[in-house]
Protein chains: 4
Amino acid sequence: MDWRKHVATALDGRHPGLGHRVELGLHALILYSALSMGVETLPDLPGWAQTLLSVSEIAVVAVFTAEYALRLATAPAPGGYARSFFGIVDLLAIAPFYLGLVFAGFGLDLRAVRALRLLRLVRLLKLARYTSAIDRFASAWRAVKEEVVVFGVAAVIVLYVCALVIYQFEHDAQPEAFASVFDAMWWAAVTLTTVGYGDVYPVTSIGRVFTVLMLFVALGIIAIPTGLVASALSAIRAKEAAEDREPPRPPATDRN
Amino acid sequence: MDWRKHVATALDGRHPGLGHRVELGLHALILYSALSMGVETLPDLPGWAQTLLSVSEIAVVAVFTAEYALRLATAPAPGGYARSFFGIVDLLAIAPFYLGLVFAGFGLDLRAVRALRLLRLVRLLKLARYTSAIDRFASAWRAVKEEVVVFGVAAVIVLYVCALVIYQFEHDAQPEAFASVFDAMWWAAVTLTTVGYGDVYPVTSIGRVFTVLMLFVALGIIAIPTGLVASALSAIRAKEAAEDREPPRPPATDRN
Amino acid sequence: MDWRKHVATALDGRHPGLGHRVELGLHALILYSALSMGVETLPDLPGWAQTLLSVSEIAVVAVFTAEYALRLATAPAPGGYARSFFGIVDLLAIAPFYLGLVFAGFGLDLRAVRALRLLRLVRLLKLARYTSAIDRFASAWRAVKEEVVVFGVAAVIVLYVCALVIYQFEHDAQPEAFASVFDAMWWAAVTLTTVGYGDVYPVTSIGRVFTVLMLFVALGIIAIPTGLVASALSAIRAKEAAEDREPPRPPATDRN
Amino acid sequence: MDWRKHVATALDGRHPGLGHRVELGLHALILYSALSMGVETLPDLPGWAQTLLSVSEIAVVAVFTAEYALRLATAPAPGGYARSFFGIVDLLAIAPFYLGLVFAGFGLDLRAVRALRLLRLVRLLKLARYTSAIDRFASAWRAVKEEVVVFGVAAVIVLYVCALVIYQFEHDAQPEAFASVFDAMWWAAVTLTTVGYGDVYPVTSIGRVFTVLMLFVALGIIAIPTGLVASALSAIRAKEAAEDREPPRPPATDRN
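1. Describing the overall build of chain A
Part 1: For chain A, the count of helices and strands is nine helices and zero strands.
Part 2: A burial count over chain A gives 43% of its 256 residues as buried.
Part 3: Taking as baseline every contact in chain A between residues at least 6 positions apart, the subset at least 24 positions apart corresponds to 62%.
Part 4: With the model as given, the accessible surface of chain A reaches about 13,600 Å², and the carbon-plus-sulfur share is 68%.

2. A short note on the environment of Ala28(A)
Part 1: If you trace the backbone, Ala28(A) turns up in helix H2 (residues 21-39).
Part 2: On the basis of relative accessibility, which here comes to 45%, the residue Ala28(A) falls in the partly exposed class.

3. With respect to the packing of helix H1 (residues 3-12) of chain A against helix H3 (residues 47-74) of chain A
Residue and element names in this part refer to chain A.
Part 1: Close contact between H1 and H3 brings their axes to 9 Å; oriented N to C, the two are set at 125°. Overall, the two elements H1 and H3 adopt an arrangement that is oblique. The way H1 lies across H3 gives a crossing that is left-handed. Residues Trp3, Arg4, Val7, Ala8, Leu11 and Asp12 of H1 touch H3, and the partners they reach there are Glu67, Leu70, Arg71, Ala73 and Thr74.
Part 2: Looking at the contact of H1 with H3 residue by residue, the class counts come to six nonpolar, one polar and four charged.

4. Examining the nonpolar core
Part 1: With 171 residues, the main nonpolar core has Trp187(A), Trp187(B), Trp187(C) and Trp187(D) as its most contacted residues.
Part 2: If we ignore the near neighbours within four places in the chain, the residues touching Trp187(D) are Tyr197(A), Cys162(D), Ile166(D), Phe178(D), Val200(D), Tyr201(D), Pro202(D), Thr211(D) and Met214(D).

5. Notes on the packing of H3(A) against helix H5 (residues 85-105) of chain A
Residue and element names in this part refer to chain A.
Part 1: In contact at an axis separation of 10 Å, H3 and H5 are set at 145° when each is read in the N-to-C sense. With respect to the hand of their crossing, H3 and H5 are arranged in left-handed fashion. Side by side, H3 and H5 meet where Glu57, Ile58, Val61, Phe64, Thr65, Glu67, Tyr68 and Arg71 of the first sit next to Gly87, Asp90, Leu91, Ile94, Phe97 and Tyr98 of the second.

6. Description of helix H8 (residues 181-192) of chain C
Along an α-helix, residues three or four positions apart point the same way, because every turn accommodates 3.6 residues.
All names here are of chain C.
Part 1: Compared with an ideal rise of 1.5 Å per residue, which puts twelve residues at 16 Å, H8 spans 16 Å between its outermost C-alpha atoms and is within 8% of the ideal.
Part 2: Counted residue by residue, H8 has nine buried out of twelve residues, so it is predominantly covered.
Part 3: For H8, the full list of buried residues reads Val181, Ala184, Trp186, Trp187, Ala188, Ala189, Val190, Thr191 and Leu192.
Part 4: Taken from the residues just after H8, Thr194 is the one with a positive phi, measuring 60°.

7. As for the confidence of the model for chain A
The predicted coordinates ought not to be read in detail in places where the model reports low pLDDT.
All names here are of chain A.
Part 1: Residues with a pLDDT of 70 or more make up 73% of chain A, whose mean pLDDT is 79.
Part 2: Mean pLDDT values over the elements of chain A span from 62, in helix H6 (residues 110-117), up to 92, in helix H8 (residues 181-192).
Part 3: When the criterion is pLDDT under 50, residues 251-256 qualifies, and its contacts beyond four places in sequence or with other chains add up to zero contacts.
Part 4: Confidence estimates for the predicted assembly give a pTM of 0.80 and an ipTM of 0.78.

8. Let's talk about the pattern of salt bridges
Part 1: For the structure on display, the rule yields 16 salt bridges over all chains.
Part 2: Among the ionic pairs, Asp183(A) bridges to Arg208(D), the shortest N-O distance being 4.0 Å. Placement of the pair is Asp183(A) in helix H8 and Arg208(D) in helix H9 (residues 205-245), with the two residues belonging to separate chains.
Part 3: Overall, Asp183(A) belongs to the partly exposed group, its relative accessible area being 24%.
Part 4: In this structure, the salt-bridge partner of Arg71(B) is Glu67(B), at a minimum N-O distance of 3.0 Å. Of the two residues, Arg71(B) and Glu67(B) both sit in helix H3 (residues 47-74), four residues apart, roughly one turn of that helix.
Part 5: Assessed through its relative accessible area of 8%, Arg71(B) is described here as buried.
Part 6: Judged by relative accessible area, which is 5%, Glu67(B) ranks as buried.
Part 7: What you see here is one network of salt bridges that share partners, running through Glu67(A), Arg71(A) and Asp90(A).

9. Things to note about the packing of aromatic side chains
Here the distance between the centres and the angle between the planes together describe a pair of aromatic rings.
Part 1: Throughout the structure, instances matching the rule amount to 24 aromatic pairs over all chains.
Part 2: Here Tyr201(A) and Tyr197(B) contribute two aromatic rings whose centre-to-centre distance is 5.7 Å and whose plane-to-plane angle is 40°, an arrangement assigned as tilted. In this pair, Tyr201(A) sits in the loop between H8 and helix H9 (205-245) while Tyr197(B) sits in the loop between helix H8 (181-192) and helix H9 (205-245), so the two residues belong to two different chains.
Part 3: With a relative accessible area of 25%, Tyr201(A) lands in the partly exposed category.
Part 4: The buried category is assigned to Tyr197(B), whose relative accessible area is 3%.
Part 5: Cluster of aromatic residues (ring-pair linked, three or more members): Trp186(A), Tyr197(A) and Tyr201(D).

10. Some points on a nonpolar patch on the surface
All names here are of chain A.
Part 1: Nonpolar side chains collect at one region of the surface, where Ile88, Leu92 and Leu119 lie side by side and expose about 210 Å² of accessible area between them.
Part 2: Take Leu119: it is sitting in the loop between H6 and helix H7 (133-170).
Part 3: We classify Leu119 as partly exposed; its relative accessible area is 32%.

11. Quick word on the environment of Val165(D)
Part 1: Of note, Val165(D) is situated in helix H7 (residues 133-170).
Part 2: Overall, Val165(D) belongs to the buried group, its relative accessible area being 12%.
Part 3: Sequence separation between Val165(D) and Val61(D) is 104 residues, and the spatial gap between their C-alpha atoms is 51 Å.
Part 4: Contact partners of Val165(D), with chain neighbours within four places excluded, come to Leu118(A), Leu121(A) and Phe210(D).

12. Things to note about helix H3 (residues 47-74) of chain D
All names here are of chain D.
Part 1: The terminal C-alpha atoms of H3, which comprises 28 residues, lie 41 Å apart, in line with the 40 Å expected from a rise of 1.5 Å per residue.
Part 2: Residues of H3 that are buried include every one of Ala49, Leu53, Ser56, Glu57, Val60, Val61, Phe64, Glu67, Tyr68, Arg71 and Thr74, and no others.
Part 3: On the buried face of H3, the contacting elements are helix H1 (3-12), helix H2 (21-39), helix H4 (78-83) and helix H5 (85-105).

13. What to know about unusual backbone geometry
Residue and element names in this part refer to chain A.
Part 1: Phi is positive for Asp44, which is not a glycine, with a value near 60°.
Part 2: By the secondary structure assignment, Asp44 is in the loop between H2 and H3.
Part 3: A relative accessible area of 78% places Asp44 in the exposed class.

14. Comments concerning the side chain of Thr74(A)
Residues and elements named next belong to chain A.
Part 1: Tracing the backbone shows Thr74 in helix H3.
Part 2: The class of Thr74 is buried, set by a relative accessible area of 16%.
Part 3: With near-sequence residues (within four places) excluded, Thr74 lies in contact with Trp3, Arg4, Val7 and Ala8.

15. A look at the environment of Gln50(C)
Part 1: Residue placement: Gln50(C) occurs in helix H3 (residues 47-74).
Part 2: Residue Gln50(C) is classed as partly exposed on the basis of its relative accessible area, which comes to 45%.

What counts, and where the lines are drawn
Throughout, a residue's number is its position along its own chain's written sequence, starting from 1. In the order they appear in the text, chains get letters beginning with A and ligands get numbers beginning with 1. Reporting of local features is limited, given that this is a predicted model, to residues whose pLDDT is at least 70; pairs of side-chain atoms are given and counted only at 80 or more, and all residues count toward the totals for whole chains, interfaces and linings. Side-chain descriptors were evaluated using all non-hydrogen atoms of the structure, hydrogens and water having been removed beforehand. Where helices and strands are cited, they refer to DSSP runs of H or I of at least four residues and of E of at least two residues respectively, numbered from the N terminus. Residue burial is assigned from relative accessible area. The probe radius is 1.4 Å, only protein chains are included, and a residue is buried under 20% of its type maximum, exposed over 50%, and partly exposed in between. In what follows, residue pairs with any heavy atoms lying within 4.5 Å of each other are defined as contacts. Here the open area of atoms and residues is found with the Shrake-Rupley method and a 1.4 Å probe, where only the protein chains shown may cover a residue. Helix axes use the C-alpha atoms of the stretch in contact, all axes being lines fitted to C-alpha atoms, and the angles between their N-to-C directions lie in the range 0 to 180 degrees. Each angle is binned into one of four classes, with values under 35 degrees roughly parallel, values over 145 roughly antiparallel, values of 65 to 115 roughly perpendicular, and all other values oblique. Note on convention: the crossing is left-handed when the near helix lies turned anticlockwise from the far helix by less than a right angle, right-handed when the turn is clockwise. Only Asp, Glu, Lys and Arg are considered charged, only Ala, Val, Leu, Ile, Met, Phe, Trp, Tyr, Cys and Pro nonpolar, and every remaining residue, Gly among them, polar. Residue types Ala, Val, Leu, Ile, Met, Phe, Trp, Tyr and Cys, when buried and joined through side-chain atoms within 4.5 Å, form a set referred to as a nonpolar core. Here, expected helix span is obtained from the residue count minus one, scaled by 1.5 Å. Each residue carries a pLDDT score, the predictor's confidence in it, ranging from 0 to 100. Each reported salt bridge corresponds to a side-chain nitrogen of Lys or Arg within 4 Å of a carboxyl oxygen of Asp or Glu. Pairing of aromatic side chains here covers Phe, Tyr and the six-membered ring of Trp, requires ring centres within 6.5 Å, and sorts the geometry by plane angle: under 30 degrees stacked, over 60 edge-to-face, intermediate tilted. Patches draw on residues past 30% relative accessible area with no salt bridge. Two like charges within 9 Å are joined, as are two nonpolar side chains (Val, Leu, Ile, Met, Phe, Trp, Tyr) within 5 Å.

Below, the structure written as structure tokens:
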């Protein structure tokens, strides 16, 4: 077995000697990296912890860069890997660090660098490489995609129309909360999803009557896709269970 | 092919030369027109933008008026088109502009004109002319219409009864928030849809106990129609899928 | 046809000459009576309107008293009617008025009389006499009763346990909002139904962590009965539709 | 019948003379004990009530200790009972009292003792010994366990990613409400479950746009497991109903 095969099987968890160890180590790094993004934001973080986080981020990027290089080197067709879904994810997982260095070199401000850091979350997608349950979810999605898109478009139109109507009713009474139709859309979205923070709400009688009518009609339009995905998932599970019970029959022969 | 046929096929997207271009152009105008209603409401809109919006509204109305006239002229039976669903929608889509001119001519105040403008949203219904998924939704609706109406009436009665009861409990403690049964209905609707803005809530012990009981009993009555529509949609989708799989059988012949 | 038969058929909407007129008139009275309970609560109601409401309430009670007396006189077994579901409802619909007179005669305070008035809402149950869709709902309820009771008991236990736990975490930080476990139950009910008024919420870290865990685990327990009723209703509708399609077969004869 | 058999059947509700009386008495004690934990927290509780609660708690623990000792003495294999699910529950139901005594003996502070008291809630699990509907719920759970775990992990990841993103958008505008990613997770959990207390909400335009997108995408991910459990429960109920209708067929014999 040449070194390419050793590396490729180790990365995929099929190496005869190492087994899943390399794979599990990479998973642990991904989770550590995601968690460190949260810990970074803690106020009053002591200096040593900040240093530790910065150093470990460099180490994480080094490992992921090595992983990317090795996958590129051992892939049957390097160009195919680089253009595949996981090839792009692997690249996006390390790109923010190097782009951040470049930006800092050009003296760009911190906000842009900070927004770039969010790209590091792409690393979580690397976990999907090994999850088989994703397949079932994907086929449930394919089954209901069309309805969900129709309802998604309907939801956006409903939000916009509700915002236009409530703006006419509430703008004069609350010129700050309902300053424009786009502020009214924030109200409509928070209301129709039943979150209801209470930062904006109608105060006029006609605005309240409209809100109640809107809630009863529109809740259905927004809540239905959930039910569709759930029932599609159930159907797929039932079908898989039926296939598991019935062993594949031998080709039918005319025994009669 | 005479000019009537050219125009009729162009509007329906079946013209041999123009194809879907006229249709898509009209769709773009509808979306532009709906979006401009929102942009109008932005505070601190510069003068040139206001002028642009007013001028483009005139252009949009001119195009839709021409469309209405052409559809009327090329329809096999003009009276039939004028009384059809989309004939009425096409008329309502341009009527507000002309009515607004008339109202302004008679010196009516701005509020009435502003409310009229909302009628322009009817234009969005023109998009439904080309959406086939609407059919599936319509047959799901027919399947569950009866239950939804029963639950709708039940929901209104539940809201009213809950409002009467909570008014008795909370009016003395919060004479402003629960000023009348109709204020209490606002509370009941916001609570039973689980929006819960927090602008009105019970403070007495008995009012709170009633609220909890009400929520557990009444949530079901309001939430069930959603589930019904979702399962009816699933059933229709399953039926269509079954029909797609089974090719239409040849007319049965008595082979026995 | 003697007068008893005339009256009995008129009340049931099966009278050859009057048809549904008496029945519809009684329905209108029920709705008027329910609506007038709401209008009574409007502040700043002019004196003539208050007089109108009081006088019309006396008229409504007179009609319902006459209806009760006539049903009692024309029933095949007066005792059977008086003890039937609708016999009790018909009595409860007029009892509050006469009890209010008695209470006022004994000089009892207004609060007791006001609470009594809520009993007038029982009149709405009289509408159920003519609604056939109630049957379908009743058989759906029978199908899922057992699960709903189990989940209802589970919901009460979950609320109580959550209230006990959050009280331990939040009482010291917010001694007023979480004054006792029964105040904490109000918070638990408002949170688990996702109403979330915002009048009470946890502020300690451990209280917030517990709230999040509680929401994810307990939302299922409270939301499931709704889904059960919806799917039971769908099943019953499907069964009825199947029975409508298949005409009742002739008694099977052994034709082979 | 020796005394062991008398005791064992009395505890299980199968004693020829006592029947379910001992069992029901133990249930009443469990409910009394759970309720007294709530009553204890009432402020301004008179001294005699506090004394009553303390004394009755000692009595409850004495009864449960006796029950534990008797079950241990009459079990066919005492070690088997002690290691069984209900053996551990029975032990945990009395342990807090004795541990509290020990802690008080060592002069430990009241907070630790108070947290220990929560362990008394384990007693409620003793009720599950007699509830057969738990079985149906357990098999529904087994049917959907895999999906629920996948969605649970997905929900945690979604919460964390949403918290990281909103922190970037809102931290500068509201440094106190969004002090760290872990505060942002509280916002994300309260929003995605649609509770929406209104204690924390986005105020920047980009934060609001992100919130709306997040709600539409993520509500599905969190709401779906509920639908799955409900449909699994329906399927199990349907299967049980089918088995009840079909009497067990005699073993198939080859009659042809």
